[in-house]
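What follows is each chain in one-letter form.
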Amino acid sequence: MNEKQLAAEKSIEFIKDGMILGLGTGSTVFFLVNRLAESIKQGLKVKCVSTSNQTSTLAKSLGIEIIDLNEVAYIDLTIDGADEVDKNLNGIKGGGGALLFEKIVAKASMKVIWIVDSSKFVEQLGKFPLPVEVVPFGSNHVFRKFLESGYNPTKRKNGEHNFITDSGNEIIDLQLNKIEDSIKLENEVKLLPGVVEVGLFNNIADIVIIGRENSTEIISRV
Ligand code: 5RP
């Protein structure tokens, strides 16, 4: 079993009958959704809120019930992947382009668990390019602001065209290498008109499950 699968399988232990579950996006969540579908076939009763079209399609194809976030007052538990996590359980997300819905779902959740392989647990955030979701209108001007700030922006592409998120926006990835103060940076970037969301997830994860070779390590927020 690879590390992503190990972390995903472990996270299943946190799911209880009757829960409203938030399902993240990505290749680690793929293992979770498949394992969850097996548990549901064996009698587990849960309803799920999805963070992307990709996850909704997969979940529905496996017989998992997906409901709208607006139908529930809150989500009991959200399980999602991450691109980088530090020891304070702050992280970068959005490598798969689902950061906006992922953050909305996480903020509506009583508890958030991230499932990651060991390469994602880092000393300092920033090697992974920081995704910023921006509205297409005037996005070149936001891009220029990032360039002037020295943030090394790149517009995410899908072939020759701009990558478009599930909400019809574009993504600008910032190659920062080191993020000294992730809270300050999140606030600064979010203030720019045209920015919809930033892939910095500060003080959101409660638990991180790290897959390590043949075992898992669980880190909880203190
Ligand atoms: C998608 C995300 C993913 O959770 C993140 O990119 C991790 O993906 P993977 O599990 O495929 O490594 O934030 O927007």
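All residue numbers refer to position in the chain's written sequence, counted from 1. In keeping with the predicted nature of the model, local features appear solely for residues at pLDDT of at least 70, side-chain atom pairs appear and are counted solely at 80 or more, and the whole-chain, interface and lining totals rest on all residues. Excluding hydrogens and water, the side-chain figures rest on all heavy atoms present in the structure.

Right, let's talk about the sheet that holds strand β13 (residues 200-201) for a bit. Think of it this way: DSSP has to see at least two bridges between two strands before they count as a pair. A helix here means a DSSP run of H or I that spans at least four residues, while a strand means a run of E at least two residues long, and both kinds are numbered starting from the N terminus. Pairing in this open sheet of three strands is antiparallel, and the strands run β4-β5-β13 from one edge to the other. The sheet is open, and its two borders are formed by β4 (84-85) and β13, each paired with just one other strand.

With that settled, the discussion passes to the sheet that holds strand β14 (residues 207-212). Pairing in this open sheet of six strands is mixed, and the strands run β2-β1-β3-β6-β14-β15 from one edge to the other. The sheet terminates laterally at β2 (47-50) and β15 (215-220), the two strands that pair on one side only. Strand-to-strand twist of the sheet, defined as the mean angle between neighbouring strand axes without regard to direction, takes the value 20°. As judged from the three bridges shared by strand β1 (residues 20-23) and strand β3 (residues 75-80), these two strands associate in the parallel manner. Each bridged residue has a counterpart across the sheet, and for G22 the counterpart in β3 is T78. Contacts are assigned to residue pairs with any non-hydrogen atoms lying within 4.5 Å of each other. Helix axes use the C-alpha atoms of the stretch in contact, all axes being lines fitted to C-alpha atoms, and the angles between their N-to-C directions lie in the range 0 to 180 degrees. Set on the sheet, helix α4 (residues 99-107) makes contact with β1, β2, β3 and β6 (109-117); between it and β6 the angle comes to about 135°.

What follows deals with the site of the ligand. Taken together, the neighbourhood of the ligand is formed by 17 residues, with S27, T28, D83, G94 and K120 sitting nearest. Counting of polar contacts relies on pairs of N or O atoms within 3.5 Å, with two restrictions inside protein: one atom must be capable of donating a hydrogen and the other of accepting it, and residues adjacent in sequence are counted only when both atoms are side-chain atoms. Measuring from an oxygen atom of the ligand, one finds a backbone N or O atom of G81 at 3.4 Å. Between the ligand and the protein, one listed contact pairs an oxygen atom with a backbone N or O atom of G96 at 3.3 Å. Relative to its unbound accessible area of 380 Å², the ligand is 92% covered by the protein chains. Residues are grouped as follows: Ala, Val, Leu, Ile, Met, Phe, Trp, Tyr, Cys and Pro are nonpolar; Asp, Glu, Lys and Arg are charged; every other residue, Gly included, is polar. Its residues assigned to classes, the shell around the ligand comprises two nonpolar, nine polar and six charged. The cutoff for a nearby residue is simple: one of its non-hydrogen atoms must lie within 4 Å of the molecule or strand. With residues, only the protein chains shown are counted as cover, and all accessible areas are computed by Shrake-Rupley using a 1.4 Å probe.

Okay, the nonpolar core next. The tendency in soluble globular proteins is for nonpolar side chains to be buried side by side. Joining through side-chain atoms within 4.5 Å is the link that ties buried Ala, Val, Leu, Ile, Met, Phe, Trp, Tyr and Cys residues into a set, and such a set is a nonpolar core. Only protein chains enter the accessibility calculation, which uses a 1.4 Å probe; a residue whose area is less than 20% of its type maximum is buried, one above 50% is exposed, and one in between is partly exposed. Counting residues in hydrophobic clusters, the biggest one holds 23 residues, and the most contacted among them are I15, L21, L23, L32, L36, V46 and I115. Residue assignment for this core shows that the elements contributing at least two residues are α1 (3-11), β1, α2 (27-41), β3, β6 and β14. Ranked by the residues each element gives to this core, the list is headed by α2, at five residues. Filtering out sequence-adjacent residues up to four positions away, L32 remains in contact with A8, S11, I12, I15, L23, I79 and I115.

This part is about the domain arrangement of the chain. Assigned domains of the chain: these are domain 1 (3-123 + 202-220) and domain 2 (130-197). Residue ranges assigned to each domain were obtained from an automatic or database domain assignment. Taking only C-alpha atoms into account, the centre of domain 1 sits 24 Å from that of domain 2. Contact with domain 1, which involves 15 residues of that partner, is made by 16 residues of domain 2. Accessible area, probed at 1.4 Å, shrinks when two parts are joined; the buried area is that loss added up over both. For the pair domain 1 and domain 2, the summed buried surface comes to about 1200 Å²; carbon and sulfur atoms form 55% of the total. Looking only at domain 1, the three residues that lose the most surface to domain 2 are L99, L100 and N202, adding up to 41% of its buried area. Salt bridges are identified by distance alone: a Lys or Arg side-chain nitrogen within 4 Å of an Asp or Glu carboxyl oxygen. At the boundary of domain 1 with domain 2, the tally comes to two salt bridges. Close ionic contact of E197 with K103 constitutes a salt bridge, the shortest N to O distance being 2.9 Å. Remark: the boundary between domain 1 and domain 2 carries seven residue pairs in polar contact (both at pLDDT 80 or more). No other element matches α4, which puts four residues into the side of domain 1 that touches domain 2.

Turning our eyes to something else, we now look at the side chain of K155. Along the chain, K155 turns up in strand β8 (residues 153-155). A polar contact is formed between the side chain of K155 and the side chain of N140, at a distance of 2.8 Å. If we skip the residues at most four places from it in the chain, K155 touches S139, N140, F143, N162, E170, I171 and I172.

Note on aromatic contacts: the rings of Phe and Tyr and the six-membered ring of Trp form a pair at centre separations within 6.5 Å, being stacked when their planes are under 30 degrees apart, edge-to-face when over 60 apart, and tilted otherwise. Applying the stated criterion across every chain, the model contains three aromatic pairs. Note on F30 and F31: the rings are 5.8 Å apart at their centroids and 75° apart in plane angle, and the pair reads as edge-to-face. Look at NZ for Lys and CZ for Arg. If either is within 6 Å of the ring centre and within 35 degrees of the ring normal, a charge sits over the ring. If you follow K103 out to its NZ or CZ, it ends over the ring of F201, 5.0 Å from the centre. In this structure, R156 packs its charged tip against the face of F163, placed 5.4 Å from the ring centre.

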